[in-house]
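Architecture at a glance
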Amino acid sequence: MRYLTAGETHGPQLTAIIEGMPSNVEIDFEEVNHQLHRRQKGYGRGRRMQIEKDTVRVVGGVRHGKTTGAPVALVVDNNDWKNWTSIMSIESIEDGEAKRRVNRPRPGHADLNGGLKYNQKDLRNILERSSARETTMRVACGGVARQLLELFGIKLACQVIRLGEVVVKREEMPIDDLIRITEESPLRVTDKEAEAAMITAIDAAKADGDTLGGIVEVIVEGVPVGLGSHVQWDRKLDGRIAQAVVSIQAFKGVEFGIGFEAAERRGSNVHDPIVYSEDGGFSRSSNRAGGFEGGMTTGEPIVVRGVMKPISTLYKPLPSVDIDTKEPFTAQVERSDTCAVPAAAVIMENVIAWEVAQAFMEKFGGDSVEEIRNNLKQYQAQVESY
Ligand code: EPS
């Protein structure tokens, strides 16, 4: 399975094509919309989110509620487009019409590198596509792919575990409780005290014209053993998930299980002992590996964390250089969010859903759900009788 996306943040629409979705998957598009709405929520978002009410339109690959095996084509319209029709016009426009040319690159953004690389003297041609608005379609594609996973009992959840200096007090809980509690929290946290402190921190950052980042965690439960492979570097599923996570706008790092903490511990306190029971077969008595050994799933829950840097559009601007005059400047204020960490958690959950679905299809591949079901059943029998 693969997908491509297209579209600019202030253009008419965002578009995605998913190829390789098997046939006969019942797609609930309200569920895809639910994922889109989850992405739009969260304390700390800016005015743009009041303009957009993201809703997906399906323009290919689904008939009478089920996939046909043909490419699934998705569209999300940008409501803000009506305010940008001349600025973002596809056709050339007359001199004097509004272009809102950007000639002052914002530190931390793709602006300058992209301008140099693509030889664009209007940095809007870079920022329009590098914007995190693009993640709308990644969430839409994840929202389709996870419906395949759900048919086979695979569930995902996400939570914010750190925002700026505020760290959540962790509590073990079943995945359904985690989903319920985080869904009700404007910060996607399980800890009310941390939530209040985060709100205060966001308000303070906003008042200072500054922004805040954080750490988010995604858990995937119900994954069969053996997705991904040790035999080739680009088939290691943890590696592919890492790539997908770091490709999310503003993400700077990723870890699995105990992650970077492994550096401090001795091996005996890092690796997970293997146990066996008649009912459950092989398993691990702990999950410090975060669900992966040798680039393959162990059958334990996948646990991934990603770190998001503070958004680089600052009301309190950093020094930069005008690309026309080459003179330094410090003031370029753009509308933006103060903190998008809760939204980033939803994005990360959905990009991971995509990677797991893709690996699932590689392992149990088939053109229809029925064929996949048979392949999975046979494999499960093989694992059970091992
Ligand atoms: C973004 C800047 C802001 C965010 C946007 C990402 O948009 P605007 O410049 O139109 O105010 O709101 O996020 C989204 C539109 C979204 O859907 O998440 C940026 O520069 O990355």
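See above for the structure.
In this report, the structure presented in the accompanying data block is examined. (Residues numbered from 1 in each chain as written. Predicted model: local features only at pLDDT ≥ 70, side-chain atom pairs only at ≥ 80, totals over all residues. Heavy atoms only, no water.)

Some points on the packing of helix 5 (residues 135-151) against helix 9 (residues 341-364)
Condition: Every axis corresponds to a line fitted to the C-alpha atoms, with the helix fit spanning only the stretch in contact, and the corresponding angles, defined between N-to-C directions, vary from 0 to 180 degrees. Secondary structure elements are taken from DSSP: a helix is a run of H or I of four residues or more, a strand is a run of E of two residues or more, and numbering for both begins at the N terminus. Any angle that is under 35 degrees is reported as roughly parallel, and any over 145 degrees as roughly antiparallel; angles of 65 to 115 degrees are reported as roughly perpendicular and all others as oblique. Here a crossing is taken to be left-handed if its near helix is turned anticlockwise relative to the far helix by less than a right angle, and right-handed if that turn runs clockwise. Any two residues having at least one pair of non-hydrogen atoms within 4.5 Å are treated as being in contact. Charged residues are taken to be Asp, Glu, Lys and Arg, nonpolar residues to be Ala, Val, Leu, Ile, Met, Phe, Trp, Tyr, Cys and Pro, and polar residues to be all remaining types, Gly included.
Put simply, helix 5 and helix 9 touch, their axes get as near as 7 Å, and they point 45° apart. Relative to helix 9, the element helix 5 is oriented oblique. Helix-helix and strand crossings are classified by hand; for helix 5 and helix 9 the assignment is left-handed. On helix 9, the residues touching Thr135, Arg138, Val139, Cys141, Gly142, Gly143, Ala145, Arg146, Leu148 and Leu149 of helix 5 are Ile347, Glu349, Asn350, Val351, Ala353, Trp354, Val356, Ala357, Phe360 and Met361. A class-by-class count of the residues in the contact of helix 5 with helix 9 yields 13 nonpolar, 4 polar and 3 charged.

Structural notes on the site of the ligand
Definition in use: Any residue with a non-hydrogen atom lying within 4 Å of a molecule or strand is treated as near it. Here a polar contact is recorded for every N or O atom pair within 3.5 Å, except that within protein the pair must consist of a potential hydrogen donor and a potential acceptor, and residues adjacent in sequence are included only if both atoms are side-chain atoms.
With respect to spatial proximity, the complete set of residues near the ligand consists of His10, Arg39, Arg45, Arg48, Met49, Ser131, Ala132, Arg133, Arg335 and Asp337. In this structure, an oxygen atom belonging to the ligand sits 2.8 Å away from a main-chain N or O atom of Ala132. A breakdown of the residues in the shell around the ligand according to their chemical character gives 2 nonpolar, 2 polar and 6 charged.

A look at the pattern of salt bridges
How we decide: Just to be clear on terms, a salt bridge is a Lys or Arg side-chain nitrogen sitting within 4 Å of an Asp or Glu carboxyl oxygen.
This structure, assessed with the given rule, holds 29 salt bridges. Overlapping salt bridges, with partners in common, bring together Arg38, Arg146, Glu150, Glu183, Arg188 and Glu349 in one network.

Re unusual backbone geometry
To be explicit about the condition: Burial status follows relative accessibility: with a 1.4 Å probe on protein chains alone, a residue under 20% of its type maximum counts as buried, one over 50% as exposed, and anything between as partly exposed.
Within the chain, Asn24 stands out as a residue other than glycine whose phi angle is a positive 70°. Inspection of the secondary structure puts Asn24 in the loop between strand 2 (13-19) and helix 1 (29-40). If you check the backbone angles, Ala250 has positive phi at about 80° while not being a glycine. Residue position: Ala250 is located in the loop between helix 8 (237-246) and strand 10 (251-256). For Ala250, a relative accessible area of 23% puts it in the partly exposed group.

Function cannot be read off these values alone, since they describe shape.
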